[in-house]
2 protein chains.
Amino acid sequence: MDLYGFSWSEMDELPPGIGQYDDFHTIDWQRDIARDRMRHRYIIKKRTEGIWDFVRGIHDAWSGWLCVLLVGVAAGAVAGVIDIGTQWMKDLKEGVCPQAFWLNQEQCCWSSNDTFNEGDHCAQWYTWAELFGHFRDDAWAFIISYILYVMWSLVFAGLAVLLVRTFAPYACGSGIPEIKTILSGFIIRGYLGKWTLVIKSIGMILAVSSGLSLGKEGPLVHVSCCIGNIFSYLFPKYGKNEAKKREILSAASAAGVSVAFGAPIGGVLFSLEEVSYYFPLKTLWRSFFCALVAAFILRSINPFGNDHLVMFYMEYSRNWIFVELIPFIILGILGGLIGTIFIKGNIMWCNYRKQSLLGKYPITEVLVISLITAIISFPNIYTRMNSSDLIKLLFSQCGVADISPLCDYNRNFTNVNSRIEIAEAGAGVHRSLGLLTLALIFKLCITIFTFGIKVPTGLFIPSLVMGAIMGRMIGIGMEQLAYHYPYLWVFQGACSTGENCLSPGLYAMVGAAACLGGVTRMTVSLVVIMFELTGSVKYIVPLMAAVMASKWVGDAFGRRGIYDAHINLNGYPYMDSKEEYIYTALAADIMTPRRNESPLCVITQETMTVDDIENILKSTDHNGFPVIVSQESQYLVGFVLRKDLTLALANAKKTQEGVVGESHILFTAHSSQSSLGPPAVKLRKILDMAPITITDQTPVETVIDMFCKLGLRQVLVIHNGRLLGIITKKDVLRHIKQLGNEDPESVLFN
Amino acid sequence: MDLYGFSWSEMDELPPGIGQYDDFHTIDWQRDIARDRMRHRYIIKKRTEGIWDFVRGIHDAWSGWLCVLLVGVAAGAVAGVIDIGTQWMKDLKEGVCPQAFWLNQEQCCWSSNDTFNEGDHCAQWYTWAELFGHFRDDAWAFIISYILYVMWSLVFAGLAVLLVRTFAPYACGSGIPEIKTILSGFIIRGYLGKWTLVIKSIGMILAVSSGLSLGKEGPLVHVSCCIGNIFSYLFPKYGKNEAKKREILSAASAAGVSVAFGAPIGGVLFSLEEVSYYFPLKTLWRSFFCALVAAFILRSINPFGNDHLVMFYMEYSRNWIFVELIPFIILGILGGLIGTIFIKGNIMWCNYRKQSLLGKYPITEVLVISLITAIISFPNIYTRMNSSDLIKLLFSQCGVADISPLCDYNRNFTNVNSRIEIAEAGAGVHRSLGLLTLALIFKLCITIFTFGIKVPTGLFIPSLVMGAIMGRMIGIGMEQLAYHYPYLWVFQGACSTGENCLSPGLYAMVGAAACLGGVTRMTVSLVVIMFELTGSVKYIVPLMAAVMASKWVGDAFGRRGIYDAHINLNGYPYMDSKEEYIYTALAADIMTPRRNESPLCVITQETMTVDDIENILKSTDHNGFPVIVSQESQYLVGFVLRKDLTLALANAKKTQEGVVGESHILFTAHSSQSSLGPPAVKLRKILDMAPITITDQTPVETVIDMFCKLGLRQVLVIHNGRLLGIITKKDVLRHIKQLGNEDPESVLFN
């Protein structure tokens, strides 16, 4: 029985280390799943043997559910802590609660039992300017606030980058590109470790509080996957099997989105559509459970202080009318364009950072970006305020008692219950439009430079902000159009009654979805997240239209979303099953060796000696070698991994007596040769006798399909039974790059 | 270049019929997808050649979206018509609108402008009893109504079964088991044809109106798939390629659920989780679009007459408390038990029907079932009323002005705005509990016999009814417990204020989900459908807990849901990728030929003559033959399909001169033999040079994985390059049955 066979107990006899992977290597799904089945069978067989084994069997059966339950609880709790921390730190930038510094503004005011208006602040809460002395002069107060704002930003951002640089270099960025790569079957040790978890959580709070143009939603997915990884080690079934571990990680990423947006269904779909690679249906159900538990725990912690499960609860008084689909689609197109500009700009800048000296001074870069952000954003009310609040403001409908400049319409309300009539925009709205335009340009530019710096950076919130600004502006335009020309036939009479027939807030929501769609190229999951985010079923059709337009426009300029673009930039071995390849090639064209190259490095099943093998191991760096019947016939027997071979040889030398350089290595059950000479080393156990093979005439598309669906590391190419060559994942990725006129050498890992 | 190569133009040279499938055969996904890629490349290449080719290219790129748009519109429209028709027919059972017989009761009363209370009927509408004379005696009126009710039931059911038997035998049943099989890559000609569509739609209206214990939700999925199939023929890209057509069918099934429940997201998840097999992500987005369009169209038609997108809009005044999870989980367990009883009972009955004389008298069976149903259900108010109305009633909360017996509590309302206090159940509630118990038993028994008769029968609504009755009863029990012991610590003080703290309606909803879950074993999609069905986000956690408990309990008694059980019963070749196999076997153990059997029937690449091949074709009925280098070496060259071989031989005889029985058949590019004798027939074009191969040591699990994920019909088994045998889908399915201690001969098709 070999390693790929069915005896679990024999596994224990194998030298340790066999079946594990090195850092930055691709895993072999088929092999890991086979190992898990073997383990599973062993446990089922044992279950009848005694009470302890029975308990072990039950524990094994439940461990998947228990693990995702723990992951969900932990993800919800961590998200709650991060939300509360962020709130407190943000308020710390503006002032302090001298009686109890650990309270944020809202809690401080609650504790004082004062009646206070929202937006205003209560007597218990002191702004820094107030604390340092009462400035009668407003200009002085402004300057002091400005300086303090910039200072706090620098302190927070500096702390964040220092923490990341010192303790956990993997804690920077959004993490989603790497998680996609890891889930597709790649090993990055430490990327989901406990230090990354701790530092990313703290760094996220600091980075968001510093006012940089970034969000905490993407990093929450990373944090959640760290939690998944850590808990998986409690259950050897998952912790010791990289393929099975990825089931937990899929569920964890769903929980991450679930807590980031309060959107459990959207989280599952995000995990399915965007992140996960290998997604059996059992995982779907577990992911849903995990996402729901996480959302439930977060809701019990209730960090937003409102009872709604949703982040931006919206209810528009009017339904949308059919003709509005046109501006919604225009929003989609604009969202696609913004997404494209952002992706191209960001990738160019990241490339520049990689190749220039800039990459050597990450701390300086963060401080400079943070300084620029703080200086520019303070004077503009819409960039100064926290991004989530801005989104909430832009999404909302102008109410009767609304006094914000965005709601400065020439209206006369006689009483609070009167209906909101459509009205001409006042000076406040006009000024707001100017400020919003500036804010949009600023946000777009600064986010291009921000995404990629060495602090935890999320993209969802900045994209939503850009889209919401754009949408609100177009929404106000449409509203004014309807006010000035209410009898236009396109409005189908909906606007002629004088009642407000269009909600600029709805446009902001649609614009936000369009922009996020343009940046990430998410589709179903985005629509579902937006729908869960705002709690409104009615607006699925507008959201869908905009997201669709945005995706098509974006795809016309480049098929890669920001995450795929970053995977590509970093040269990760990620094979996208979504892409289509239209060129023609056969397996024979992309295999190693190419025509006119030296033949493949192979091992014969019984004629090679220990010295021969060691020479091969020394002179090449392949990860595995095909085993053939003989050099003359080239008929394929199996495949052996470099790592297993090295370990088995070392083990044989140590434990088996009389093994010398001339000892033959046998991959067969019995030697057909004479038994003279030193004792042979039998290595049949480490031979994979069922390698996946294809013929040389197989189209490359089929090869890609097999790689994607079966999760292979390599396939062997045969012709009429004879071994011709080998195709590794790297070969396929290089071929894909070549077709895209890109540098095939940019595929870094195998 | 061969058929599996890359020249589209050469495809045209091949004799017609090559690449198509016979009825009741399995499709070859890899081959169909390769054909589509070939076609796609050809169009892209041609696109630059002229304006017409450019337009063709654009049309081709958009045709997928256009097709699902049309499918969505049509599915929505058909669902609307069916809803309206059902409403009218149901009312026809009770009475008629003499002034305008085409109006249903509600419309009739609208047209009269009378003020009328719901539940009551207006002056314009006559019940049959009223129409035939005014009966002063209530007993006579009751008897007349009873007789008419039974009569109409028999007429409707008889009409339905006659239509189905005469015009479209495939229109019976729910259709979901067959659609699952078809989507997994099986051909059943006519199953999704236009006659099935028309007859199933009409039959559905009749069957539902006849009062049989069935719903129209499952059949709507079938109807929707028929629409998808019909529209796919407008686009050769889909109509002529069975693999691509299944992308449209996946989207259509999502649209079916979407219109059945007004649940677009649930529909997509249903398609993903339950129905679809091959679900690339592009399909996810298109399915969502299709489902949304269908829901949008249906909503514009507005057959329910309310503005809500949802069928049973619910809003409970109180949130659920944590301790209620216990009864919810109990509901889940009961739901799982009911599901198990139903599945076992139904399968036993269907087996009996198949083997006994009963199967020969389908019309009689329908009439008898219909008679029994009508006679028993009329006296009980809860079985007499239409199932959807019953569900709505059971789901709802007792309001202030509610006069139904279910809401007969000992309450005193001082005014309509007073809060609803918890109260002791009155006589009406007690009587209702008795009637509901009878209704539950009756529904369970009759549905076991009903599901499988030769009219369109859906399961969703009957399952929901059973679950809702069970839930409501337990809900009332809990409510009375809380009333009598409000200070029990488990209620956490929520019930001690005197306000109503538990909603029996919520229990009904949770019970309905649990029961449907027990019957169908759906998970995520069920929770999402329930959530969209009732429009309440708050109750996801209770729903999830109940569905989870129900699935676990159900799985403990048998892993197959009702649809899988019916697939199994009918012997369809459906390979469930969800099942796990714990036994050990190697490819060598399940391949044909087994050990000690006669060797495999193979074709050599250049030594066989036309006569040899024709003899092989005559003497065997295999669907394809491996091609090898020579009988001595057995090295594999490729695979050729029986159908292609037959066609190509006939074609060669017709078009090529001098072909006689002794002509050699060449599968090589050039003959290595002498060119004496009659001219050789070159058949390299029809040879698949890239068959999927595995070694004999491959575990069966890996083989199953490959079959499921790559959509194969067969794999060839080789050992050290030599052909050993072949494994077809049927071989795998037989092996699986054998493991499950079932009769392997029950796998009927290949």
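Rules and cut-offs
Residues numbered from 1 in each chain as written. Chains lettered and ligands numbered in written order. Predicted model: local features only at pLDDT ≥ 70, side-chain atom pairs only at ≥ 80, totals over all residues. Heavy atoms only, no water. Buried < 20%, exposed > 50% of the residue type's maximum accessible area, 1.4 Å probe, protein only. Helix = DSSP H or I, 4+ residues; strand = E, 2+ residues; numbered from the N terminus. Pairing = 2+ DSSP bridges. Salt bridge = Lys/Arg side-chain N within 4 Å of Asp/Glu carboxyl O. Disulfide = S-S within 2.5 Å. Core = buried A, V, L, I, M, F, W, Y, C linked by side-chain atoms within 4.5 Å. Contact = heavy atoms within 4.5 Å. Least-squares fit on C-alpha atoms with pLDDT ≥ 70 in both. Axes fitted to C-alpha atoms, helices over the stretch in contact; angles between N-to-C directions. Parallel < 35°, antiparallel > 145°, perpendicular 65-115°, else oblique. Left-handed = near helix turned anticlockwise from the far one by under 90°. Nonpolar A, V, L, I, M, F, W, Y, C, P; charged D, E, K, R; others polar. Buried area = accessible area lost by both parts, 1.4 Å probe. Phe/Tyr/Trp six-rings, centres within 6.5 Å; stacked < 30°, edge-to-face > 60°. Lys NZ or Arg CZ within 6 Å of the ring centre and 35° of its normal. Lys, Arg positive; Asp, Glu negative; His and termini not counted. Patch = residues over 30% accessible without salt bridge, like charges linked within 9 Å, V, L, I, M, F, W, Y side chains within 5 Å. Areas by Shrake-Rupley, 256 points an atom, 1.4 Å probe, with all protein chains shown as cover.

## Observations concerning the pairing of strand E10 (residues 722–728) of chain B
Residue and element names in this part refer to chain B.
Line of reasoning, step 1. The element E10 is extensively covered by neighbouring structure, given that five of its seven residues are classed as buried.
Line of reasoning, step 2. Note that strand E9 (residues 714–719) and E10 share six bridges and pair antiparallel. Among the inter-strand pairings, Gln714 is bridged to a residue of E10, identified as Thr728.
Line of reasoning, step 3. With antiparallel pairing between neighbouring strands as the criterion, E9 and E10 make up a hairpin whose turn holds two residues, including Asn720 at a positive phi of roughly 45°.

## Focus on the pattern of salt bridges
Residues and elements named next belong to chain B.
Line of reasoning, step 1. Taken as a whole and assessed by the stated rule, the structure comprises 41 salt bridges over all chains.
Line of reasoning, step 2. Between Glu242 and Lys245 there is a salt bridge; the shortest N-O distance is 3.6 Å. With a gap of three residues between them, Glu242 and Lys245 both fall in helix H11 (residues 242–261), about one helical turn apart. Summarising the burial analysis for this pair, Glu242 and Lys245 share the class buried.

## So, the state of the cysteines
Covalent bonding between the sulfur atoms of two cysteines defines a disulfide.
Residue and element names in this part refer to chain A.
Line of reasoning, step 1. Per the stated rule, a full pass over the model turns up zero disulfides over all chains.
Line of reasoning, step 2. You can see Cys225 has no disulfide; the closest cysteine sulfur is in Cys226, sitting 7.3 Å from it.
Line of reasoning, step 3. Taking relative accessible area as the criterion, Cys225 reaches 0% and is therefore assigned buried.

## Structural notes on the nonpolar core
Line of reasoning, step 1. The biggest cluster of nonpolar side chains holds 371 residues, and the ones touching the most others in it are A:Met530, A:Ile727, B:Met530 and B:Ile727.
Line of reasoning, step 2. Residue contributions to this core peak at 12 residues, all from helix H19 (residues 460–484) of chain B.
Line of reasoning, step 3. If we ignore the near neighbours within four places in the chain, the residues touching B:Ile727 are B:Ala587, B:Ile590, B:Met591, B:Ile694, B:Val703, B:Phe707, B:Arg713, B:Gln714, B:Val715, B:Val717 and B:Val732.
Line of reasoning, step 4. Counting 23 residues, the second-largest nonpolar core is a separate cluster that includes A:Met608, A:Ile616, A:Leu617 and A:Leu649.

## As for the relation of the copies chain A and chain B
Line of reasoning, step 1. Between chain A and chain B, which share one sequence, the superposing operator has a rotation angle of 180° and an axial displacement of 0.0 Å; the RMSD is 0.1 Å. These values place the two chain copies in the arrangement generated by a two-fold rotation axis. For chain A, the minimum C-alpha distance to the rotation axis belongs to A:Gly721 and amounts to 1.8 Å.
Line of reasoning, step 2. Most of the interface of chain A is mirrored in chain B: 100% of its interface residues are interface residues there too.

## Some details on the packing of helix H25 (residues 610–619) of chain A against helix H26 (residues 642–655) of chain A
Residues and elements named next belong to chain A.
Line of reasoning, step 1. Close contact between H25 and H26 brings their axes to 11 Å; oriented N to C, the two are set at 140°. It follows from the interaxial angle that H25 and H26 lie oblique. Like other packed secondary-structure pairs, H25 and H26 cross with a definite hand, here left-handed. Mapping the contact onto sequence places Val610, Ile613, Glu614 and Leu617 in H25 and Arg642, Leu645, Thr646, Leu649 and Lys653 in H26.
Line of reasoning, step 2. Tallied by class, residues from the contact of H25 with H26 come to five nonpolar, one polar and three charged.

## Digging into the interface of chain A and chain B
Frequently, the measure chosen for interface size is the accessible area that the parts lose on association.
Line of reasoning, step 1. Residue-level contacts link 68 residues of chain A with 68 residues of chain B.
Line of reasoning, step 2. Carbon and sulfur atoms make up 75% of the area that chain A and chain B hide from each other, which totals about 6,600 Å².
Line of reasoning, step 3. Counting across the chain A and chain B interface gives two salt bridges.
Line of reasoning, step 4. Across the salt bridge formed by A:Glu701 and B:Arg41, the nearest N and O atoms sit 2.6 Å from each other.

## As for the sheet that holds strand E5 (residues 636–641) of chain A
Residues and elements named next belong to chain A.
Line of reasoning, step 1. Pairing is mixed across the open sheet formed by three strands, whose spatial order is E3-E4-E5. Here the strands that pair on one side only, and so sit at the sheet edges, are strand E3 (603–604) and E5.
Line of reasoning, step 2. Sheet analysis places strand E4 (residues 624–628) next to E5, joined by five bridges and oriented antiparallel. Residue pairing across strands places Phe625 opposite Val640, the latter belonging to E5.
Line of reasoning, step 3. On top of the sheet, H26 reaches E3, E4 and E5; it is set at about 75° to E5, its chief contact.

## Things to note about the packing of aromatic side chains
Line of reasoning, step 1. Applying the stated criterion to the full structure yields 44 aromatic pairs over all chains.
Line of reasoning, step 2. Taken together, a centroid distance of 6.4 Å and an interplanar angle of 80° make the contact between A:Trp65 and A:Trp285 edge-to-face. Taken together, the residues A:Trp65 in helix H3 (residues 51–94) and A:Trp285 in helix H13 (residues 281–301) connect sequence positions 220 residues apart. Of the two residues, A:Trp65 and A:Trp285, neither departs from the other in class, the shared state being buried.
Line of reasoning, step 3. Three or more aromatic residues joined by ring pairs form one cluster here, namely A:Trp62, A:Trp65, A:Trp285, A:Phe288, A:Phe289 and B:Trp552.
Line of reasoning, step 4. Over the ring of A:Phe378 we find A:Arg384, and its NZ or CZ is 4.2 Å from the ring centre.

## Structural notes on unusual backbone geometry
Line of reasoning, step 1. Put simply, A:Thr592 and A:Pro593 share a cis peptide bond, and its omega is -5°.
Line of reasoning, step 2. As for its position among the elements, A:Pro593 is in the loop between helix H24 (587–590) and E3.
Line of reasoning, step 3. For B:Arg521, which is not glycine, the phi dihedral falls at a positive 60°.
Line of reasoning, step 4. Mapped onto the secondary structure, B:Arg521 falls in the loop between helix H20 (504–520) and helix H21 (524–534).

## Examining the packing of H20(B) against helix H22 (residues 540–557) of chain B
Residue and element names in this part refer to chain B.
Line of reasoning, step 1. At a minimum axis separation of 8 Å, H20 and H22 run at an interaxial angle of 30°. H20 and H22 meet at a crossing whose hand is right-handed. Within the contact between the two elements, H20 uses Met509, Val510, Ala513, Ala514, Gly517 and Gly518 and H22 uses Pro542, Leu543, Ala546, Val547 and Ser550.
Line of reasoning, step 2. By residue class, the composition of the contact of H20 with H22 is eight nonpolar, three polar and no charged.

## Things to note about the environment of A:Arg560
All names here are of chain A.
Line of reasoning, step 1. The topology assignment puts Arg560 in the loop between helix H22 (540–557) and helix H23 (562–570).
Line of reasoning, step 2. Through-space distance from the C-alpha of Arg560 to that of Thr520 is 8.5 Å; in sequence the pair is 40 residues apart.
Line of reasoning, step 3. Excluding its chain neighbours within four sequence positions, the residues that come into contact with Arg560 are Ile343, Arg521, Ala565, Asn568 and Glu742.

## Here we look at the environment of B:Gly475
Residue and element names in this part refer to chain B.
Line of reasoning, step 1. With respect to the secondary-structure elements, Gly475 resides in helix H19.
Line of reasoning, step 2. Given the relative accessible area of 0%, Gly475 is considered buried.
Line of reasoning, step 3. A sequence separation of 33 residues divides Gly475 from Ala508, and the C-alpha atoms of the two residues are 7.1 Å apart.

## A short note on the side chain of A:Asp53
Line of reasoning, step 1. Positionally, A:Asp53 belongs in helix H3.
Line of reasoning, step 2. In this structure, A:Asp53 is buried with no salt-bridge partner, the nearest side chain bearing the opposite charge being A:Lys46 at 4.1 Å.

## Considering the sheet that holds strand E4 (residues 624–628) of chain B
Residues and elements named next belong to chain B.
Line of reasoning, step 1. Taken together, three strands build an open sheet; the order of strands is E3-E4-E5 and the sheet is mixed. The two strands at the open ends of the sheet, each matched to only one other strand, are strand E3 (603–604) and strand E5 (636–641).
Line of reasoning, step 2. The pairing of E3 with E4 spans two bridges and is classified as parallel. In the strand pairing of E4, Thr604 is matched with Ile628.

## A short note on a nonpolar patch on the surface
Line of reasoning, step 1. On the surface, A:Ile51, A:Trp52, A:Phe54, A:Val55, A:Ile58, A:Trp62 and B:Trp552 cluster together into a nonpolar patch covering about 780 Å² of accessible area.
Line of reasoning, step 2. When residues in the nonpolar patch are grouped by element, the largest group, six residues, is from H3(A).
Line of reasoning, step 3. Tracing the backbone shows B:Trp552 in helix H22.
Line of reasoning, step 4. Among the residues examined, B:Trp552 registers a relative accessible area of 33% and is labelled partly exposed.

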